Every structure is written in C-alpha cells, then in structure tokens.
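So the chains spell out like this:
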Amino acid sequence: MAIYALLDFDTLKKNDISIEEFIKTAKGLKAKILQYRDKNSSFEEKLKRIKKVRKLWKKTLIINDEIELLSFADGIHIGQEDLENLCKKYNLTKFEIIKNLKNGNLNPQFSTLNSQFIVGLSTHNKEEILEANKLPLDYIGLGAYRPTTTKNTNNILGKKVIDLIKYSYHPVAIIGGIKIYDKIPANFKVVGSDICKLMYSRLRKKEIFKKKLKNL
C-alpha cells in the first residue's frame, strides 16, 4: 500500500511547515504521489506554489480541483460536487468531462497539446463507486476513513472501506484521516495531516534536545 502525500497548504501554514520541509518528509516516507491542495489562496499564489512544488517533486504530481493549473501537474483530483459543477458549466456528461480532463481540453489557455492527464474522483459509498466504474478514471478516492480537521466529513466509513474497495474497477486511494502506518488493503493511502504531525513531533524533539545541550 503506497503513500499518496496530500500537501494541504492551509495545514502547512497552520503548523508553520514549509513546502520544502513537507516534500522532503514525503520523499523520506517514499510517497509515490503528491497532491497539492490550496482552497483559499489567490490564483497567482497557487500558480507560484505549484511551480515550486513541480521543481521539488519529480514523481507524480496531482492538483486538487484547479483545472487552470492542470498543465503544471500530471493530473487532477476532483470531488463529486466539482464534477457536477463541471457538467453544468460545460453542458457535458460526466463521462465527457472526465475524458476532456484526461486530454487537457477543458481549458485551452492552459492545456498542453498531446498530453494525457491522470484524473481521480472522490467517492463515499457503493453507489458512487459503481457510477465511477462507468467513467474513464485513473483512480478513485474512497472515504472518509476517519474524521479530519482539513475537510467537513459527515460520512465516516471506518472499516467499511475494506468491503467497499472490492466494488471498484479502478485503483483505490483511501482518504480522510489516514495515518502513516495504517494498513488497509487498497492501492494507496492518502496521508496529509499525519505527515505534518510527524514533522511537528520531530521539530519539538530537536528543540528539546537543543535546550538540554544549552543547559549542560
């Protein structure tokens, strides 16, 4: 079960962790994928940061929601509500939206010619998984596994995810409150806050050690 690191900028800011520090830790944990999520910054700030992340992270990079930033990443992750909104905006079916995202065709200004992008979709129950099976996705996110402070999570699945995984034709990434050492029979575990907690703990230990040295 590979680690899929979630770089949530608001969480980094809250814990006073830099992008460089987070990515260094993600590399140390041998994460295979990194997702950049930033819900509150301006587009200009997001653009600047995704370029920095791209320089630091050479493996698979996923952008959360922002179609305009897709050409700076290897793919995009969207939620159920995002997909519905895109269908309304472009007057296309869900299948057509996913297909166009994969081809980078929804935003010609930022799309890269002849590129194939990864597309992931969040799911929360059996019905959404079965619907996702009909779409040309590369993976699904499934959760929430536990409550999390980074998003509103009314639907906590817990161990139910183990039974739900078998319904998916696509690779599954477990999302929501995942810890680094959780063992779940899925393709990926999406870890964000727990990486920050690990980093905070290490920094605290370093600070305590430095204080002890000063007192010697």
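In this text, all values refer to a predicted model and were calculated from it rather than measured experimentally.

The rules we used
- Residues numbered from 1 in each chain as written.
- Predicted model: local features only at pLDDT ≥ 70, side-chain atom pairs only at ≥ 80, totals over all residues.
- Heavy atoms only, no water.
- Helix = DSSP H or I, 4+ residues; strand = E, 2+ residues; numbered from the N terminus.
- Contact = heavy atoms within 4.5 Å.
- Areas by Shrake-Rupley, 256 points an atom, 1.4 Å probe, with all protein chains shown as cover.
- Axes fitted to C-alpha atoms, helices over the stretch in contact; angles between N-to-C directions.
- Left-handed = near helix turned anticlockwise from the far one by under 90°.
- Nonpolar A, V, L, I, M, F, W, Y, C, P; charged D, E, K, R; others polar.
- Expected span 1.5 Å × (residues − 1).
- Buried < 20%, exposed > 50% of the residue type's maximum accessible area, 1.4 Å probe, protein only.
- Phe/Tyr/Trp six-rings, centres within 6.5 Å; stacked < 30°, edge-to-face > 60°.
- Lys NZ or Arg CZ within 6 Å of the ring centre and 35° of its normal.
- Pairing = 2+ DSSP bridges.

**With respect to the overall build of the chain**
From N to C terminus, the chain includes eight helices and eight strands. In the chain, once contacts between residues fewer than 6 apart in sequence are set aside, the share between residues at least 24 apart is 55%. Surface exposure of the chain reaches about 12,200 Å², of which carbon and sulfur atoms provide 52%.

**Looking at the packing of helix 2 (residues 19–28) against helix 3 (residues 43–56)**
Interaxial distance between helix 2 and helix 3 falls to 11 Å at its minimum, and their mutual angle equals 35 degrees. When the axes of helix 2 and helix 3 are compared, the crossing they make is right-handed. Residue-level inspection shows Ile19, Glu20, Ile23 and Lys27 of helix 2 in contact with helix 3, the latter providing Arg49, Lys52, Val53 and Leu56. Of the residues contributing to the contact of helix 2 with helix 3, the split by class is four nonpolar, no polar and four charged.

**Points about helix 3**
End to end, helix 3 covers 20 Å across 14 residues, agreeing with the expected 20 Å (1.5 Å per residue, within 8%). Of the positions making up helix 3, those classed as buried are Lys46, Leu47, Arg49, Ile50 and Val53. If you follow the buried residues of helix 3, they end up packed against strand 1 (2–8), helix 1 (9–14), helix 2, strand 2 (33–37) and strand 3 (60–64).

**A few points about the packing of aromatic side chains**
Summed over the entire model, instances satisfying the criterion amount to two aromatic pairs. Geometrically, the ring pair formed by tyrosine 4 and phenylalanine 188 is edge-to-face, given 6.4 Å between the ring centres and 80 degrees between the ring planes. With tyrosine 4 in strand 1 and phenylalanine 188 in strand 8 (residues 188–191), this residue pair connects regions lying 184 residues apart in the sequence. Per residue, the accessibility class of tyrosine 4 equals that of phenylalanine 188, and both read buried. Three or more aromatic residues joined by ring pairs make a cluster, and in this case those are Tyr4, Tyr139 and Phe188. Above the plane of the ring of phenylalanine 9 lies arginine 49, whose end atom (NZ or CZ) is 3.6 Å from the centre.

**Some details on the sheet that holds strand 6 (residues 139–142)**
Reading around the circumference, 1-2-3-4-5-6-7-8 is the order of the eight strands in this closed barrel, with parallel pairing throughout. Direction aside, the axes of adjacent strands within the sheet are offset by 25 degrees on average. Running at roughly 175 degrees to strand 1, helix 2 makes contact with strand 1 and strand 2 of the sheet. Strands strand 4 (75–78) and strand 5 (118–123) of the sheet are contacted by helix 4 (residues 80–90), whose axis makes an angle of about 115 degrees with strand 5.

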